[in-house]
Amino acid sequence: MEKIKAIVYLPIKPEVAKRLNLPVKLPILAEDLLLVTDQNNIPIDVILRGLAEQYKVEKSEYWKSYLLYFLYEKFKILINETQFVEAEQILKRAKELQEDYRYHFYNAILQAKLANYDLAEIELKQSLALNPNFSLAYYELGNVLFAKKDYDEAMEAYTKAYQSDPNFLLPLLKIGDIYMELGQLSDAEVIYRSIIQKLETRELSAEGIRFEPMPEAYLRLGVVYNLRQQYERAEEIFKKGLAISKKPEIMYNLAYTLTKLGKHFEAYNILLELAKQYETPEVLNELGILQRRLGLYEEAYETFERVQEDFPENFERIQFFVGKKHYNDEFENEMKKSEEILEKIQFPFEEALETIIQSTDDNGEIIIEEFIKLLNIEPVLKDVNNASTDYFPYILAGIYIAGTEPIIMEKNATKITLTTMGAGLPLACSTAILRLYQHILSGDKNVDHIIEDIHNEIEEIHFLFSTKLISLLESPLDDFFDTDGSDYETFTVNLFKAIGYQPSKDEILQIKDEILRKTASFILEIMANT
């Protein structure tokens, strides 16, 4: 005869018992009594041992129901800890007590974790046969079918899950995911927006319905807008999601969105915060790209060094910016053949060039502190969406003083732009002009080809400006003569038009804007001599 262990009955406060689904007199093994130090946090193994022993003494439905409940609670813990063998043993104990819809449901969960999807599907359908209104079983059946790529059947299962319990929003989220998987973005948007509307509708709250926060819906909808290149809408949705929960996936996607909108400093701060908590290669790589874009070359080197195995090209590139490698030692510099041409052509902005000469080192690299001191200005160093051309002559001079050294050109253009105008749109404009200048020094005179070549890079800096630049491929190029070019964006577009149009010397004199006239004349003279 099996020996019965000593049991004591621990009185549980009614409110605690109700919250934790415990009997008000909880059977505990006498040997486990010392393990109970807090009624709000009784170890589940202590509860299970006590209930199992009590059921040996009194095989009633009352004690069996509690024992089954906590066996399945233990099963869920083990599944979450990926202890599948132990979880299977718990299921066997539950089955011996009572084989009902719960057993088939939880066995399906185990089989799905083990990638036994066919068996999981059978078990879920058996659970539903025993309990046709079990919304969670329909939901898990949808997950299994989704994993098997049976999207039509998965959609049907998710729909039944939602119909069984309209307050259960996860099935709707998964329906949206199916539409995403099928590339039906409009349908996915409708689903995700409907979830958000339910989450935010005050009328439902007034009726006593409380939905759990679901930042995943905001994440998914923001991704839809990103895929559609609707970045302003994506930014709004992502920020709403972050207000609910600072999920790393939302932060990462928001940073991507912000860079497309030219909000580089804001994106940088998000990635910097994210990288402190989640040092994944993808996060660090994006952080390094922004650091390089914002002229933080030493910081970018340290970041890329940590992910060099995952992103070797970025690690190699940053080495040129910190003096670890030299461009001319590694690559053939097509611009070298234009060195003599540059020496013969007069730079159009002499005063700006003199300032740059006084604030650069022997290699022609800008010493930004000297530059700031000479101009007596406060650095902008923030995201801006418009700028004048007042400081453009200094940017062009910084590019020019670098001769044919592409790395110094880029560093000077970046640092002077960030200091005088800021990031965002000005940085996109300066980068576009830099690439135009470099292509021409390399002998490429086809502006259409240049625009196509640089489009992806400019798009990463400022999406809306890149669309204006690419539209030049199908736009007239002769409408720049009388345009006011004091706006930097307008100036940049007109400069590309002027170089593509290639006006004669007499026509150049007809260009109304002085900075555009001088810049176009300078670049066209280089083109004429290459």
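Residues numbered from 1 in each chain as written. Predicted model: local features only at pLDDT ≥ 70, side-chain atom pairs only at ≥ 80, totals over all residues. Heavy atoms only, no water.

**Considering the pattern of salt bridges**
Part 1 of the argument: Tallied over the entire structure, the rule returns 32 salt bridges.
Part 2 of the argument: For R49, the salt bridge goes to D32, with nearest N and O atoms at 2.8 Å. Pair noted here: R49 is in helix 2 (residues 44–57) and D32 is in the loop between strand 2 (25–29) and helix 2, with a separation of 17 residues, a long-range link.
Part 3 of the argument: Of the residues examined, R49 reaches a relative accessible area of 35% and is grouped as partly exposed.
Part 4 of the argument: Given the relative accessible area of 5%, D32 is considered buried.
Part 5 of the argument: E266 serves as the salt-bridge partner of K239, at 2.8 Å between the closest nitrogen and oxygen. (Salt bridge = Lys/Arg side-chain N within 4 Å of Asp/Glu carboxyl O. Helix = DSSP H or I, 4+ residues; strand = E, 2+ residues; numbered from the N terminus. Buried < 20%, exposed > 50% of the residue type's maximum accessible area, 1.4 Å probe, protein only.)

**Quick notes on helix 8 (residues 151–164)**
Part 1 of the argument: The end-to-end C-alpha distance of helix 8, which contains 14 residues, comes to 20 Å, matching closely the 20 Å that a straight helix rising 1.5 Å per residue would cover.
Part 2 of the argument: The set of residues buried in helix 8 consists of Y151, A154, M155, A157, Y158, A161 and Y162. Along the long axis of helix 8, the arc covered by the buried residues comes to 165°, so they all point the same way. Residues of helix 8 that are exposed and point more than 90 degrees away from the buried face comprise D152 and Q163.
Part 3 of the argument: At its buried positions, helix 8 is contacted by helix 7 (135–147), helix 9 (170–181) and helix 10 (185–200). (Expected span 1.5 Å × (residues − 1). Arc of directions from axis to C-beta. Contact = heavy atoms within 4.5 Å.)

**Digging into the packing of aromatic side chains**
Part 1 of the argument: Evaluation of the coordinates by the stated rule reveals 32 aromatic pairs.
Part 2 of the argument: Both rings, one in W63 and one in Y66, keep their centres 6.5 Å apart while their planes meet at 45°; by these two values the pair is tilted. Pair noted here: W63 and Y66 are both in helix 3 (residues 61–80), with a separation of 3 residues, about one helical turn.
Part 3 of the argument: With relative accessibility at 15%, the residue Y66 sits in the buried group.
Part 4 of the argument: Ring centres of Y437 and F522 lie 6.3 Å apart, and the angle between their planes is 20°; on these two criteria the pair is classed as stacked. Residue Y437 is located in helix 25 (residues 425–441), and its partner F522 is located in helix 30 (residues 514–529); the two are separated by 85 residues in the primary sequence. Residue Y437 shares its accessibility class with F522, and that shared class is buried.
Part 5 of the argument: Members of the aromatic cluster, each reached through a chain of ring pairs, are Y72, F75, Y101, F105, Y106 and F134. (Phe/Tyr/Trp six-rings, centres within 6.5 Å; stacked < 30°, edge-to-face > 60°.)

Geometric descriptors of this kind do not, in isolation, establish any biological role.
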